[in-house]
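Fold and geometry: a report
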Amino acid sequence: MLQNELFEELTQAVEAFGGFVDKFIGDALLALFGAPVAHEDDPERALRAALDMVKRAGRVSERWRREIGLPLSLHIGVNTGPVVAGSFGAGGTKSYSVTGDTVNIAQRLQATAGPDEILVGPVTHKLTRHAFAFDTLGALGLRGKTGSLQVHRVLGALGAPRPARGLDTLGLSSPLIGRDIEFGRLRECLAVACSGTAQLVRISGEAGIGKSRLVNDFLASIGEDQSFAHVVVRRAACSPLGEPSYGTLASVLRSAYGIAKADTPEETRERLASGLAEIGFAASEIAGLMPLLFHILGMAEREGALQHVAPEQVRRQLFSVIRSIFERRLDRAPLLLVVEDLHWADAASLEALQFVLDRLDRRPLMVIVTQRPVGGPERLAPARTGTTSLRLAPLSVAEGQRLLCALFGESGLPKPLRTSILARAGGNPLFIEEIVRGLIELQTLKRDGSRWQVADAEVTAEIPVGIEAMLLARIDRLPQEVRRLVHHAAVIGPRFDTELLTAISSDPAEVASGLDLLCDAEIIDEAAEGGVQAYRFVQSLLHEVVYNNLLVKRRAEIHAAIASALERRYGESPEHFEDLAFLGHHYSQSADRAKGARYLIAAGDRARQLYANEDAIRFYGQAMAALATLGEQGAQWFLARERVADLLVPSGKRAEAEEHYRALLGSERISKDPVTSARILRKRGHLLWEAGKRDRAQANFAEAAALLESVEAPVESALLLQERGHLAFRMGDYLAAASWADEALTRVKTVAADAGEETTREAALVTAEALNTKGVALARRGRTPEAIEAVEKSVAVADAAELMQAACRGYTNLAVLYTIVDPRLAIDVCRRGLDMARRIGDLGFQARLLANLAVAYCTFTDRCGAAGMPAAEKAVEIDRALDQRDHLPVSLLVLGQICQCHGRPQDARTLYQEALDLAGETGEAQVLFPCYDGLATLCLDEGDLAEAERYFGLAHDLCARHELDPAALVILPFLD
């Protein structure tokens with residue numbers, strides 16, 4: 001029988017290398033190495049046996065070729081890790097076997113392998129790469145397993161194996177020591193999260209204290225615990241170079257869906273679609289999510305689907321998408337998210353994570369973050385999620401003794417040496433490991449069979465005093481060409497890809513062997529980067545020490561080489577946001593700092609488009625710093641500072657923004673430029689107005705106007721006039737609003753016909769906005785036909801210039817105005833505006849137009865229940881999802897009015913009251929009035945005359961205070 005002959009051959013191969021055949025399962029067999037009998041080199045034995053099995057199967061295939069007609073091939077998977085071993089079965093049928101996640105992964109590697117392929121997991125690869133050649137396949141998703149695994153294909157045994165290096169290969173390992181309490185707290189928090197109460201756990205401690213080891217051991221333990229078998233784990237690590245906006249979340253997405261940084265947009269779209277479909281998103285939903293997910297991944301096209309959506313609106317929609325993905329995932333299983341090195345995370349990702357934690361506090365979610373101690377406020381501090389802080393303290397002397405005993409045995413090291421090691425290490429586990437490694441590499445500690453011996457009784461004097469000296473000593477012991485390679489790698493960053501390292505190497509042919517040596521020395525390790533061959537420094541501290549000890553001039557030269565290589569890779573106008581930031585970083589650290597500043601400003605601009613304001617501020621600040629080292633405060637420096645000030649305003653840092661504006665206005669360069677001065681005065685005036693300092697704001701506006709009188713700057717003049725008109729409208733001064741808008745329109749008409757593209761577009765924008773302001777102001781004054789004419793012109797101008805946001809605003813207002821003169825047209829305009837809002841992906845305007853469409857359906861058709869109510873409910877749903885507190889009260893009011901008309905007074909009251917609470921935050925009259933009016937009419941219907949009179953009184957006082965016509969507010973409730 002073919003199968004019997006094959007199994008005999010395969011069993012001989014296994015046993016020839018000291019293995020044990022556990023069982024035969026159909027046409028497969030399970031072989032063990034290291035159980036029940038262990039050897040020091042069991043992973044190597046397993047691979048040699050696997051290669052021998054392929055050869056033997058080939059010989060069997062040749063013998064049987066005539067009879068079976070097909071070649072016989074094997075599919076082999078090898079994995080290394082802990083197993084549960086013992087006698088399994090019942091009664092007399094018990095037999096020795098193993099089980100556990102390590103076995104399961106080996107089976108899935110075997111199922112993934114091609115004909116005569118041997119696939120191995122990351123631990124097997126790490127322990128055998130000194131003796132075998134491998135082809136790295138990257139992080140692959142294995143059937144039946146969540147997440148991905150770094151997989152390698154065995155190519156064959158090396159002709160001249162390198163010596164095995166590293167503590168693991170020397171048989172030195174120890175259990176997690178001194179962290180029992182923290183380990184227990186992590187398990188307790190995960191149990192609470194699995195029961196439906198979200199948890200945030202902060203693990204903080206100095207570099208090398210054991211944060212990553214604690215997390216890794218915890219994750220390994222839950223992988224073997226059936227009570228947590230349903231938990232899905234996602235991981236992200238932050239870079240000390242600074243993550244691009246949403247970079248941390250992008251890492252989570254990439255790990256979840258197996259997306260490599262080198263993947264094309266088509267490949268990325270395919271992987272996202274597959275992953276999102278698995279958690280319940282329909283194809284139509286996925287299509288709508290793609291532009292936002294591409295923004296998160298830094299792959300959004302400049303002229304893409306969201307180019308017409310305001311940055312703040314993009315941010316709201318991004319947060320909504322992130323929340324939806326978390327919710328769908330949590331609907332299926334508890335989620336454990338690990339974010340390492342949070343102190344380097346980007347602000348946009350942290351803000352999004354905080355948003356998710358605050359809104360999913362009653363879901364099975366646990367987030368673990370590791371970070372170094374922070375001096376100020378915590379960077380991730382949700383208000384509603386249970387938070388546990390675990391501060392890892394140094395190991396005590398007794399715990400340090402236990403660690404050394406676990407490595408060398410009770411009497412493995414002389415007491416003076418143990419004492420000296422612990423004194424130098426100061427309770428830091430990493431420092432203990434580095435001291436031990438140094439002693440072994442210097443052959444001061446030597447292995448003699450199963451024991452370790454000290455070559456020099458006076459060795460204690462040779463132990464370096466500081467960790468930096470220990471780490472540098474490791475680097476200094478490397479061959480010169482490998483030291484040069486690790487210097488290049490350190491300048492690239494804590495993570496680097498082989499292609500880039502090869503591009504800047506003076507000897508590209510030797511890069512592969514140098515990387516192997518660095519892996520063997522446990523200085524770097526392979527990193528899961530999808531299909532890209534990439535590496536990382538095993539310790540962030542090691543990377544910092546190597547980088548900081550390079551001469552400044554040498555560092556700058558390497559940075560320049562890296563930047564040049566990146567430009568060849570991406571071109572001078574990269575599509576990916578993170579590539580802009582990467583180029584900016586390297587050029588800004590080279591001699592060409594001006595070029596670095598340009599890239600950093602471009603990265604800041606891209607971050608601003610995502611409303612990732614803190615990240616944009618960081619990039620602009622880095623650009624300013626790069627230019628300052630050149631002794632320059634030219635146009636680029638002032639531009640960056642102005643943009644920093646602009647972004648501080650929506651971040652709520654008005655005092656800082658005002659100081660920046662003040663400093664800019666006080667500079668000699670700006671003071672000589674009246675147009676730039678006027679622009680900054682306009683911005684400072686707006687800031688002061690929002691802060692309630694109306695007199696100072698008006699003084700800034702007046703000063704700006706005076707400066708512009710002496711120059712020809714029609715666009716800036718019109719922007720200033722439109723700004724004053726819009727603010728007057730918001731304050732209820734509709735006569736002044738219309739007057740300012742008219743002046744803006746008069747001024748912008750003087751723009752030259754041959755003005756440049758940017759100036760022409762700015763002129764079109766201010767024209768559309770001024771016409772819109774004029775129209776809504778005229779409407780509030782009862783001049784409806786003129787109002788409609790102005791807003792129609794606004795829409796026409798915006799459409800012609802492809803200013804989609806301005807067009808959507810016009811459609812929103814037209815839909816309200818047409819309800820007076822042509823109800824049929826009101827519905828048509830709502831639909832047209834809604835189509836445009838959907839086309840450009842602006843959910844904010846969709847909510848506004850849906851609310852207006854609901855009003856039109858319920859006022860002028862018999863489709864209130866069938867079409868009006870669903871439109872209002874969808875508007876409320878969008879406003880809630882995006883946390884649009886400025887428009888949510890409008891949607892609530894519309895839905896409340898519909899409920900009131902359909903005999904649902906309690907629902908109407910709830911909606912009116914929520915709308916009133918929100919409207920109180922802004923104090924906007926056109927929103928407060930219908931809240932008072934609706935509650936008053938409900939009270940009348942219920943016979944509560946006193947309460948009705950109170951609400952009517954509040955409505956009357958509001959109109960009197962703002963000189964408003966109550967009838968106009970009823971007919972034209974919401975204009976913008």
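Anyway, here's the lowdown on the structure attached to this text. Keep in mind it's a predicted model, so treat the numbers as computed, not measured. (Residues numbered from 1 in each chain as written. Predicted model: local features only at pLDDT ≥ 70, side-chain atom pairs only at ≥ 80, totals over all residues. Heavy atoms only, no water.)

**Some words on the overall build of the protein chain**
The test is simple: Working definition: helices are DSSP H or I runs of at least four residues, strands are E runs of at least two. Numbering for both runs from the N terminus. Under the scheme applied here, a residue whose accessible area is under 20% of the maximum for its type counts as buried, over 50% as exposed, and between as partly exposed, the area being computed with a 1.4 Å probe on protein chains only. Any two residues having at least one pair of non-hydrogen atoms within 4.5 Å are treated as being in contact. Only the protein chains shown count as cover for residues, with accessible areas throughout obtained via the Shrake-Rupley method and a probe of 1.4 Å.
Within the protein chain, the regular secondary structure consists of 41 helices and 18 strands. A principal-axis box enclosing the C-alpha atoms of the protein chain has dimensions of 100 × 70 × 60 Å. Counting all 976 residues of the protein chain, 52% fall into the buried class. Nonlocal contacts in the protein chain, meaning residues at least 24 apart in sequence, comprise 67% of its contacts between residues at least 6 apart. With the model as given, the accessible surface of the protein chain reaches about 42500 Å², and the carbon-plus-sulfur share is 51%.

**Topic: the pattern of salt bridges**
Inclusion rule: In the sections that follow, a salt bridge refers to a side-chain nitrogen of Lys or Arg positioned within 4 Å of a carboxyl oxygen of Asp or Glu.
Taken as a whole and assessed by the stated rule, the structure comprises 45 salt bridges. Note that Arg 213 is salt-bridged to Asp 217, the shortest N-O span being 3.0 Å. Residue Arg 213 and its partner Asp 217 are both found in helix H6 (residues 211-223); the two are separated by four residues, about one turn of the helix. The class of Asp 217 is partly exposed, set by a relative accessible area of 24%. Residue Arg 315 is joined to Glu 351 by a salt bridge in which the shortest nitrogen-to-oxygen separation is 2.6 Å. Taken together, the residues span a long stretch of sequence, with Arg 315 in helix H10 (residues 311-332) and Glu 351 in helix H11 (residues 347-359) at a distance of 36 residues. The exposure class assigned to Arg 315 is buried, which follows from its relative accessible area of 18%. Note on Glu 351: relative accessible area 35%, which makes it partly exposed.

**Considering helix H25 (residues 654-666)**
Let me state the cut-off plainly: Multiplying 1.5 Å by the residue count of a helix minus one yields the expected span of that helix. The directions considered for the arc are those from the helix axis to the C-beta atoms.
Given a rise of 1.5 Å per residue, 13 residues ought to cover 18 Å, and the 18 Å separating the end C-alpha atoms of H25 matches this to within 8%. Of the positions making up H25, those classed as buried are Ala 657, Glu 658, His 660, Tyr 661, Leu 664 and Leu 665. Down the axis, H25 shows its buried residues gathered within 160° of arc, on one side only. Relative to its buried face, H25 has exposed residues pointing more than 90 degrees away, namely Ala 655 and Gly 666. Packing partners of the buried residues in H25 comprise helix H24 (635-648), helix H26 (668-671), helix H27 (674-690) and helix H28 (694-709).

**Brief notes about helix H14 (residues 429-441)**
Its 13 residues place the ends of H14 18 Å apart at the C-alpha level, agreeing with the 18 Å of an ideal helix rising 1.5 Å per residue. Counted residue by residue, H14 has 10 buried out of 13 residues, so it is predominantly covered. Buried within H14 we find Leu 430, Phe 431, Ile 432, Glu 434, Ile 435, Val 436, Arg 437, Gly 438, Leu 439 and Ile 440. Looking one or two residues past H14, Gln 443 carries a phi angle of roughly 60°, positive in sign.

**Details of the sheet that holds strand E18 (residues 534-537)**
Backbone hydrogen bonds are what pair the strands of a sheet, in a parallel or an antiparallel way. Rule in force here: Paired strands are those between which DSSP finds at least two bridges. Whenever a helix is involved, its axis is fitted only over the stretch in contact; in every case the axis is a line through C-alpha atoms, and angles between N-to-C directions fall within 0 to 180 degrees.
Pairing is antiparallel in the open sheet, where three strands are placed in the order E16-E18-E17. Looking at strand neighbours, the two that pair on one side only are strand E16 (495-497) and strand E17 (524-527), the edges of this open sheet. Looking at each pair of strands side by side, their axes are set apart by 35° on average, direction ignored. Along the sheet, helix H18 (residues 511-520) makes contact with E16, E17 and E18, crossing E17 at roughly 110°.

**Focus: the pairing of strand E6 (residues 117-120)**
Residues of E6 alternate between two faces, with Glu 117 and Leu 119 on one and Ile 118 and Val 120 on the opposite face, all of them buried. Examined bridge by bridge, strand E3 (residues 75-78) and E6 share four bridges and lie parallel to one another. Each bridged residue has a counterpart across the sheet, and for Gly 77 the counterpart in E6 is Leu 119. For E6 and strand E8 (residues 149-157), the ladder comprises two bridges, and the chain directions are antiparallel. Looking at E8, one finds that Val 120 is bridged to His 152.

**Some thoughts on the sheet that holds strand E10 (residues 232-237)**
Reading across the sheet, the five strands line up as E10-E11-E12-E9-E13 and stay open at both edges, with parallel pairing between neighbours. With one partner strand each, in any of the chains shown, E10 and strand E13 (386-391) form the two edges of the open sheet. For this sheet, the mean inter-axis angle between neighbouring strands, taken without regard to orientation, is 15°. In the sheet, strand E9 (residues 199-204) pairs with strand E12 (residues 365-371) via six bridges, with the strands oriented parallel. Bridged to Ser 204 within E12 is Gln 371. Helix-sheet contacts for H6 involve E9, E10, strand E11 (335-340) and E12, and the interaxial angle to E11 is about 160°.

**What about the environment of Tyr 246?**
Positionally, Tyr 246 belongs in the loop between E10 and helix H7 (247-257). With relative accessibility at 1%, the residue Tyr 246 sits in the buried group. Sequence separation between Tyr 246 and Gly 943 is 697 residues; the distance between their C-alpha atoms is 54 Å. Beyond its immediate chain neighbours, meaning those up to four positions away, Tyr 246 contacts Ile 296, Arg 315, Leu 318, Phe 319, Asp 346, Ala 348, Ser 349, Leu 610 and Ala 612.

**Observations regarding a nonpolar patch on the surface**
Going by this rule: For patch detection, residues must exceed 30% relative accessible area and be free of salt bridges, and they are connected within 9 Å for like charges or within 5 Å for nonpolar side chains (Val, Leu, Ile, Met, Phe, Trp, Tyr).
Residues Leu 940, Leu 945 and Phe 952 make up a contiguous nonpolar surface patch of roughly 270 Å² in combined accessible area. By secondary structure assignment, the location of Phe 952 is in helix H40 (residues 945-962).

**So, the state of the cysteines**
To keep things clear, this is the line we draw: Throughout, a disulfide means two cysteine sulfur atoms within 2.5 Å of one another.
Under the criterion given, the structure shown has one disulfide. Shown here is the disulfide that connects Cys 858 with Cys 864, its sulfur atoms set 2.1 Å apart. Around the S-S axis, the bridge from Cys 858 to Cys 864 shows a dihedral of about 85° and counts as right-handed. Residue class for Cys 858 comes out partly exposed when judged on its relative accessible area of 24%.

**Structural notes on the packing of aromatic side chains**
As a reminder of what qualifies: Only rings of Phe, Tyr and Trp enter the pairing, Trp through its six-membered ring, and a pair is recorded when the two centres are within 6.5 Å. The plane angle decides the type: under 30 degrees is stacked, over 60 is edge-to-face, the rest tilted. Geometrically, a charge over a ring is one whose NZ (Lys) or CZ (Arg) sits within 6 Å of the ring centre while staying within 35 degrees of the ring normal.
Counted according to the given criterion, the structure contains eight aromatic pairs. Relative to Phe 218, the ring of Phe 183 has its centre 6.2 Å away and its plane inclined at 85°; by these criteria the two rings are edge-to-face. You can see Phe 183 sitting in helix H5 (residues 180-194) and its partner Phe 218 sitting in helix H6, a full 35 residues away along the chain. Taking the relative accessible area as the measure of exposure, Phe 218 reaches 0% and is therefore buried. The positively charged end of Arg 328 is found above the aromatic ring belonging to Phe 281, 4.1 Å away from the centroid. Note that Arg 848 overlies the ring of Phe 845, its terminal NZ or CZ placed 5.9 Å from the centroid.

**What to know about the side chain of Arg 555**
What counts, and what does not: Under this definition, polar contacts are N or O atom pairs within 3.5 Å; protein pairs additionally need one hydrogen-donor-capable and one acceptor-capable atom, and for neighbouring residues in sequence, both atoms have to be side-chain atoms.
Within the fold, Arg 555 resides in helix H20 (residues 552-570). Taking the relative accessible area as the measure of exposure, Arg 555 reaches 18% and is therefore buried. Separated by 3.5 Å, the side chain of Arg 555 and the backbone oxygen of Leu 550 make a polar contact. Ignoring sequence-local partners within four residues, the contact set of Arg 555 consists of Val 491, Tyr 547, Asn 548 and Leu 550.

**A word on the packing of H20 against helix H21 (residues 577-588)**
Let me state the cut-off plainly: Angular relationships are summarised with four words: roughly parallel below 35 degrees, roughly antiparallel beyond 145, roughly perpendicular across 65 to 115, and oblique for the angles in between. For any helix crossing, the convention is left-handed if the near helix is rotated counterclockwise from the far helix by under a right angle, and right-handed if that rotation is clockwise.
In the contact formed by H20 and H21, the axes pass within 8 Å of each other and the chain directions differ by 150°. The orientation of H20 with respect to H21, classified from their angle, is roughly antiparallel. As for the relative orientation of H20 and H21, their crossing is left-handed in sense. In contact with His 559, Ile 562, Ala 563, Ser 564, Leu 566, Glu 567 and Tyr 570 of H20, H21 contributes Asp 579, Phe 582, Leu 583, His 585, His 586 and Tyr 587.

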